[in-house]
Amino acid sequence: MPVPLSQTWSVVRQVVGHALRGERQKPLVLMLEPLLRCNLACPGCGKIRQRADLLQRQLTPAECFAAADECGAPIVSIAGGEPLLHPHLAEIVEGLVARGRFVYLCTNAVKLEAILPALRPHRRLVLSIHLDGPREVHDAAVGRSGVYDIAMRAIRAARVRGFRVATNTTLFAGSDPQLMRDHFDRVMTLGVEGLMVSPGYAYDAASGHAGFLTRERTQQMFRQLLQRRPRTWRFNQTPLFLAFLQGAWELECTPWGTPTFSVQGWQRPCYLIADGYCATFQELLQGTDWQRYGRTSGNPQCRDCMVHCGYEPSAVRDTLGSLRGLWATLKFAVQWSRRGSERDRVQRHQAGGRETPCGCVGS
Ligand code: SF4
Ligand code: SF4
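Just so you know, these numbers come straight off a predicted model, no measurement behind them.

Asker: What is the right way to look at the overall build of the protein in this model?
Answerer: Tallying secondary structure elements over the protein gives 13 helices and 9 strands in all. Counting over 363 residues, the protein shows a buried share of 43%. For the protein, contacts bridging at least 24 residues in sequence account for 73% of all contacts bridging at least 6.

What follows is the structure, given as structure tokens:
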């Protein structure tokens, strides 16, 4: 069950249309945070470490729709906090879908099974389940045992009801790539349409967490995780972003490609850093000194960051905005497909099949 063509086409049309009109700073994904509170307390999370009064506030459906209309991104990622705690979540989702947006509803899945009857499966709605690894790894990451089993049960229930489902996984310094590979093998058997991966980011608000990655360590870990991956794995991410994570492609951050709107307004400059808030999206675009952000800026807060919210929009633009990027995308996709099939053959051979590692039929 791959990403529908209509979704890919919507993004392509948006990016190419903006390029033809000479519009540079157009967002692809709105990160919408209708509330910041959560029913978990993951050690690496900066969102839940906000002031108590902010944790009590929540956006109204009308504020969510106004933000989506104002920024015009074709994809809205509803995050938080835990969005399923919002009493008007179903109305927010329905309203965004009705506006023609593709909606990624990001959730820790603790309340997902209970809320499924209130949601309507739709080709524009993806349930994106936070799952940081196999049982012991995930439960340790979220600081509560039993959450992995709840999430896996919710994924099965959502698939039975016909929802599109993806998983999102954050890797920290202690993550074991082989354990993650086994985890991805398992998740793909549940009928999810894609995996999303990202390295953890050291929020100021979560600076007590010792597990964040340096850029070199990130690249090393993602090479171990992604090289020779099986063809059964599908990613809801671009080949160039995955190449970037492995140090095989250079990208610069374009934080305006994934703006964040929350109970505090439009966050400057990105989902991860809070250098102030703006009342309107235009104010965010025009009033932010974007040169101060990204790796080449020398900003220490950006030095080790390789997080999708800054670099996935850059990867999409590289893919669609230049022949070099398009060619590299095709090259990486073919390379990984070939290596994946080679790995599959080796595994079948090791498991006692008749096919040899070189692909010919053995005795
Ligand atoms: S589930 Fe998400 S929002 Fe909740 S504490 Fe964990 S990382 Fe933060
Ligand atoms: S490099 Fe990372 S932290 Fe810096 S602006 Fe970009 S996304 Fe935000």
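Moving on from the coordinates now.
Asker: Please explain the site of ligand 2 as it appears in this structure.
Answerer: Close to ligand 2 lie 14 residues, the nearest being Cys253, Cys270, Cys302, Cys305 and Gly310. In the shell around ligand 2, the residues fall into 11 nonpolar, 3 polar and no charged.

Asker: Which parts of the structure should I look at to understand the site of ligand 1?
Answerer: Within the structure, ligand 1 sits among 13 residues, and Cys38, Leu40, Cys42, Cys45 and Asn108 are positioned closest to it. Here the residues of the shell around ligand 1 sort into 7 nonpolar, 4 polar and 2 charged.

Asker: What am I meant to see in the packing of helix H8 (residues 177-188) against helix H9 (residues 215-226) here?
Answerer: Any two packed helices are characterised by the angle at which their axes cross and by the distance between the axes. In contact at an axis separation of 9 Å, H8 and H9 are set at 40° when each is read in the N-to-C sense. Our classification of the angle between H8 and H9 gives oblique. Here the hand of the crossing between H8 and H9 comes out right-handed. Listed contacts from H9 to Pro177, Met180 and Arg181 of H8 are Met221, Gln224 and Leu225. A class-by-class count of the residues in the contact of H8 with H9 yields 4 nonpolar, 1 polar and 1 charged.

Asker: When you look at the sheet that holds strand E9 (residues 274-278) in this model, what are you seeing that I'm missing?
Answerer: Strand order in the open sheet formed by 9 strands is E6-E5-E4-E3-E2-E1-E7-E8-E9, and the pairing between neighbours is mixed. Pairing within the sheet leaves two strands with one partner each, and these edge strands are strand E6 (194-199) and E9. The average angle at which neighbouring strand axes cross in this sheet is 25°, direction not considered. Bridging between strand E4 (residues 125-130) and strand E5 (residues 164-171) involves 5 bridges; their strand directions are parallel. Paired with Ser128 across the bridge in E5 is Ala166. Where helix H3 (residues 61-71) meets the sheet, it contacts strand E1 (29-32), strand E2 (75-78) and strand E7 (260-262), and its direction lies at approximately 155° from that of E1.

Conventions used here
- Residues numbered from 1 in each chain as written.
- Chains lettered and ligands numbered in written order.
- Predicted model: local features only at pLDDT ≥ 70, side-chain atom pairs only at ≥ 80, totals over all residues.
- Helix = DSSP H or I, 4+ residues; strand = E, 2+ residues; numbered from the N terminus.
- Buried ≥ 20, exposed ≤ 12 C-beta atoms within 10 Å, placed from the backbone.
- Contact = placed C-beta atoms within 7 Å.
- Near = placed C-beta within 6 Å.
- Nonpolar A, V, L, I, M, F, W, Y, C, P; charged D, E, K, R; others polar.
- Axes fitted to C-alpha atoms, helices over the stretch in contact; angles between N-to-C directions.
- Parallel < 35°, antiparallel > 145°, perpendicular 65-115°, else oblique.
- Left-handed = near helix turned anticlockwise from the far one by under 90°.
- Pairing = 2+ DSSP bridges.

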